Amino acid sequence: MAEDNEDEEDCWDAFGSSSDEDDEGSDKDDNDEIFNGAGSSNASASAPIDTKTASTITLHLSQTFLKHNPQVRLSDRTVAVVRIVMGREASSDAYQNDNDYKCMVSKHLEQRQILVVHQTLELEHRQENFDEFISSKFAMLDAMTDALIILNDAKTVNRTLDEKKCDDDNSATFFHSKWLQVLTDSILCPGGIIIFSKSLNDEGTSHDFFDIEEKLIGSETTVLCSASTNNSDIIQWIARRKKLMRAHASTCPWLSSSHSVASEEERLHLATVSLSSHEMAASPIFSKRTASDPKKVRHSSRLTEHSIRKAVNNMKQYGYCILPGLLDTNECLDWGNAVLECVHDASKILLERDGVDIYNPQSSNFEPQSYREMSMREDLRMDLRHGPSLWKLRAQKEGTALAGGNSILLSATENRYGDGLFLRGHPSLLEILRRTMNPGSSSTCDDPPNQTDSKPLYLGNIGRWNFGGTGNNGSYQDLRISPIGGIVSLPGSADQALHADTPHLFEHIPDLPAHYINIFAPCTAFDNAVGGTAFIHGSHNLSFTAKHYDANHNTSFYPFLVRPRVSLGDVILFDCRILHFGLANTSRSTERCICYVNTWHDWFHDAKNWDKNQAIFDETTGEN
Ligand SMILES: O=C(O)CCC(=O)C(=O)O
Ligand SMILES: [Fe+2]
């Protein structure tokens, strides 16, 4: 299992940290140029201290970037260099010194063509609306950052904090608990690097504030390396990596106390693809700007071959794959709101027309059933696929309400809806689906050679000529994609029963490829009291599930439980054979919507057809 080495200290040399990430691969040849370049520009012992530190930090970042994804050019990486000052310190000498230092770091990064964004955060005594404050400061970025370098002058910051502690305990707590977390959450990519660099005090001892910073984001990050970079040890720095995916640990209070969240997060780390800022769509911080200036709407994110391969591999190995930050958060909100509006409209009609109260199913005159547009799961959980607001949105986004409301057939390489259409037309998602459902069919796949006597196996599939297809040419088989729907959990909905969305096709062979995959995207803002979907890591595999099966209870599966803490913009793909369940919604008023599409091999018959059920809305008029 690939892990960041938490205990790694003094592991620093001209070639950087020895910590490795063998799950994400590394292409040495691609790296050589960078390593050689870095060696020659490294400062000698007599060079100024800040040059040496800046050069070492730059080397560390370049190497880590290349390890995470060698296919993202350094010129496509973004680093924010952030200086935190308390308002009145801004004009002090210390500020000036750090400013020089900041320039030095930036100069080295820019020499490697990395895009650098500078920002000074002058915090006021009482900083209101911190998230907005940060977003206004970084509005010139058009993506999340791959790394954050935080510069503080130990003396001035700590003195200010000490003063604040005395005269105003609340604001001291505020600084201690909030700013770094907001900064890390809002502008740093999942899996991104955060570096604190600090001059030590006059006695040469480490400063408190350094420790506070580390503690603050300790649970959000893992240590990559810590180092002092010169003879007199005046500058010390530490590099941490933001966790790729956290567990939503406040859910499932019934879990045994022996359940290890750390192991859960290690599994989540394996199943998550670390996207660079370049591969991500608009980040939450820029959504306002994008909404207000349509010209700035970003093209849909596209993954590198490296990321696509990792995603395909995750689907095969673990049965699911998480892609944080892939989607535009505005799009997610649009679709989520449309689904929720349809649920509201439906609930009114059902109450008036049928005496069915989906908000109070137990006290309702009649039990909610499944309708043509909406299938009821357990109480307070429903799957909605059609309704006036969705028809309207489809007409607006997909050009035609009709096409948007039906499943579509995509043959071999077709991206029918082109670049940029949310869940159904996203070219990288389609590529992941096709490769997962047609293993070995791509020349770029990681599977064992699909050759026999130097001839590709697919040549033998002569029957393929008879079914209106492309013949025995090894191309992807046709894929069918459902319309976009939403799974809503209302306040009070309980944990769903553990289940799979499709059976195995052949139950005597352990590891057939997926034939049915769901794509889930959370489309309401994250609320800690509201659960997403939980999975049993690896349970799409028949031998795994048979091994851990116990006819009496599910507890033998729970050590493998993962509860990804996903939010707007993130995507989860899962093989529908995997065991999973919707987590409870314990909030008082948050209605949760996860938008989805179902995708399957066209030859597979999806029995989920609600057309014969009673309709709620009048489709002919588009009205309710
Ligand atoms: O509500 C969820 O998070 C998952 C729902 C689900 O898996 C289902 O309804 O089949
Ligand atoms: Fe399900």
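See above for the structure.
Residues numbered from 1 in each chain as written. Chains lettered and ligands numbered in written order. Predicted model: local features only at pLDDT ≥ 70, side-chain atom pairs only at ≥ 80, totals over all residues.

Participant: How should helix 16 (residues 427-437) be read in this particular structure?
Facilitator: Three- or four-residue spacings in an α-helix give side chains the same orientation, since the helix completes a turn every 3.6 residues. Judged by how many residues are buried, helix 16 sits mostly within the fold: ten of eleven residues are covered. Regarding helix 16, the residues found buried are Ser428, Leu429, Leu430, Glu431, Ile432, Leu433, Arg434, Arg435, Thr436 and Met437. Those residues of helix 16 that are buried lie in contact with helix 11 (305-318), strand 10 (408-410), strand 13 (479-481), strand 15 (516-522), strand 18 (571-575) and strand 20 (592-601). (Buried ≥ 20, exposed ≤ 12 C-beta atoms within 10 Å, placed from the backbone. Helix = DSSP H or I, 4+ residues; strand = E, 2+ residues; numbered from the N terminus. Contact = placed C-beta atoms within 7 Å.)

Participant: Can you walk me through the site of ligand 1 in this structure?
Facilitator: The full set of residues close to ligand 1 is Arg377, Arg381, Asp383, Ile487, Ser489, Gln496, Asp501, Gly532, Thr533, His580, Gly582 and Ile594. Elements with a minimum of two residues in the shell around ligand 1: strand 9 (381-384), strand 14 (485-489) and strand 19 (580-582). Classifying every residue of the shell around ligand 1 by side-chain character gives two nonpolar, six polar and four charged. (Near = placed C-beta within 6 Å. Nonpolar A, V, L, I, M, F, W, Y, C, P; charged D, E, K, R; others polar.)

Participant: How do you make sense of the packing of helix 4 (residues 130-137) against helix 7 (residues 179-187) when you look at a structure like this?
Facilitator: Any two packed helices are characterised by how steeply their axes cross, that is the angle between the axes, and by the distance between the axes. Close contact between helix 4 and helix 7 brings their axes to 10 Å; oriented N to C, the two are set at 55 degrees. In terms of orientation, helix 4 lies oblique with respect to helix 7. Remark: the crossing between helix 4 and helix 7 carries right-handed chirality. Residue-level inspection shows Phe130, Asp131, Ile134 and Ser135 of helix 4 in contact with helix 7, the latter providing Trp179, Val182, Leu183, Ser186 and Ile187. (Axes fitted to C-alpha atoms, helices over the stretch in contact; angles between N-to-C directions. Parallel < 35°, antiparallel > 145°, perpendicular 65-115°, else oblique. Left-handed = near helix turned anticlockwise from the far one by under 90°.)

Participant: Looking at this structure, I do not really get the environment of Leu303. What am I missing?
Facilitator: For Leu303, the location among the structural elements is in the loop between helix 10 (287-292) and helix 11. On the basis of neighbour counts, which here come to 26 C-beta atoms within 10 Å, the residue Leu303 falls in the buried class. If near-sequence neighbours (up to four positions away) are discounted, Leu303 is found in contact with Leu275, Glu279, Ile308 and Ser428.

Participant: I tried to follow the sheet that holds strand 19 on my own but got confused; where do I start?
Facilitator: Two orientations exist for strands paired in a sheet by backbone hydrogen bonds: parallel and antiparallel. If you trace the three strands from one edge of the open sheet to the other, you get 17-16-19, paired in antiparallel fashion. The sheet is open, and its two borders are formed by strand 17 (561-562) and strand 19, each paired with just one other strand. In this structure, strand 16 (residues 533-536) lies alongside strand 17, joined through two bridges in antiparallel fashion. Looking at strand 17, one finds that Ile536 is bridged to Leu561. (Pairing = 2+ DSSP bridges.)

Keep in mind these numbers describe shape, not what the thing actually does.
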